[in-house]
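As a plain string of letters, each chain reads:
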Amino acid sequence: MPAAAPSPTAAPAKVAPSTGPVASVTPTASTGGGGRWLSRLAPAADPRVLELAVSAMHCAQASGVGATASRLAVIDYSRPSLVPRLWVFDLTAGKLLYEEVVAHGQGSGDNLATRFSNRDGSHQSSLGLFVTADTYTGRNGYSLRMRGLEPGVNDAAMARAIVMHGAPYVDPARGKAMGRLGRSWGCPAVRSAVAKPMIDLLKDGQFVFSYYPDQAWLARSALLNCPAAKLARHAAGARDGAG
């Protein structure tokens, strides 16, 4: 789309190389290690957010959605726009593929995103779990369609054309002068240099999870509170306690 959490103090943006993994560990039954396992790959990420992402993914997979997914992208919108807040994991290989900055919607806020919507025309980002679909080339270049899996929260993503794409305004150096990263119309836009390889890794049935500590969403989200999600968190907690 065209440009237009409690959070840590903004620091100079640090982005991962556009090729090759950032870190790797031996996978433990793919996602069986839960968010705590992913936190070993991405120590800068909040392990609680990673745990929620994995729980939501397990819930979707239990209902037959994304059953063969091997990659998961996690966006933590509680962080300032100028610091890395997007992590892309290869769940099968046990690798962190990207650690990147990502734009939020104009309507969501300036450097900090605090407002989220499922409404067309809001220009706000949406929270929750998405499963990726196909790619296309449009006015924002190579783009990735995403289907929102949470009714009333992000299920209008397709109709709103909320897609992942590259954008020149996702530039930490220019953003530092403005005090914030450039903003989209609600899309999780990424740096142009990494857009195509990242999209190719995430297309066709992978998962994207967008987080913010919105208590109403956390309490009512069917994907975060289904039996499969609760079981996944309980199992991960038991493993941590045993360790």
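In case you missed it, the structure is sitting above this.
Residues numbered from 1 in each chain as written. Predicted model: local features only at pLDDT ≥ 70, side-chain atom pairs only at ≥ 80, totals over all residues. Heavy atoms only, no water.

A. Local environment of the nonpolar core. Residues L38, F89, M198, F207 and F209 are the most contacted members of the largest nonpolar core, which totals 60 residues. Considering each element in turn, this core owes the most residues, nine residues, to helix α2 (residues 47-62). Counting eight residues, the second-largest nonpolar core is a separate cluster that includes L82, V170, L181 and A189. (Core = buried A, V, L, I, M, F, W, Y, C linked by side-chain atoms within 4.5 Å. Buried < 20%, exposed > 50% of the residue type's maximum accessible area, 1.4 Å probe, protein only. Helix = DSSP H or I, 4+ residues; strand = E, 2+ residues; numbered from the N terminus.)

B. How the structure looks around the environment of L129. Residue position: L129 is located in strand β5 (residues 128-138). L129 gets classed as buried once you look at its relative accessible area, which sits at 0%. Separated by 76 residues in sequence, L129 and A53 place their C-alpha atoms 7.6 Å apart.

C. Summary view of the side chain of S117. Here S117 shows up in the loop between β4 (95-100) and β5. Its relative accessible area of 14% is what places S117 among the buried residues. Among the polar contacts listed, one links the side chain of S117 to the backbone nitrogen of R119, at a separation of 2.9 Å. (Polar contact = N/O pair within 3.5 Å; in protein donor to acceptor, adjacent residues only side chain to side chain.)

D. Layout of the packing of aromatic side chains. Overall, the coordinates contain four aromatic pairs when judged by the stated rule. An angle of 40 degrees between the planes, with centres 5.7 Å apart, marks the rings of Y77 and F116 as tilted. Linking Y77 in the loop between β2 (71-76) and β3 (86-90) with F116 in the loop between β4 and β5, this pair joins segments that are 39 residues apart in sequence. For the pair formed by Y77 and F116, the shared burial category is buried. Between the aromatic rings of F209 and W217, the centroid separation amounts to 6.0 Å while the plane-to-plane angle is 35 degrees, which identifies the pairing as tilted. The residues F209 and W217 share a single accessibility class, namely buried. Clustering of aromatic rings is evident, with ring pairs tying together Y77, F116 and Y212. One cation-aromatic arrangement involves K196 over Y142; the distance from NZ or CZ to the ring centre is 4.9 Å. (Phe/Tyr/Trp six-rings, centres within 6.5 Å; stacked < 30°, edge-to-face > 60°. Lys NZ or Arg CZ within 6 Å of the ring centre and 35° of its normal.)

E. Looking closely at unusual backbone geometry. In this model, H123 sits at a positive phi of 55 degrees, which is unusual for a non-glycine residue. In this fold, H123 is placed in the loop between β4 and β5. Look at H123 and you get partly exposed, because its relative accessible area is 24%. Positive phi outside glycine occurs at D204, with the angle close to 65 degrees. Following the sequence through the fold, D204 ends up in the loop between α5 (192-202) and β9 (207-211).

F. Fine view of the state of the cysteines. A full pass over the atoms with the stated rule returns one disulfide. The residue that forms a disulfide with C59 is C226, at a sulfur-sulfur distance of 2.1 Å. A residue pair is termed long-range when its members are at least 10 positions apart, and C59 in helix α2 and C226 in the loop between α7 (222-225) and α8 (227-242) qualify at 167 residues. For the pair formed by C59 and C226, the shared burial category is buried. (Disulfide = S-S within 2.5 Å.)

On their own, these measurements won't tell you what the molecule is for.
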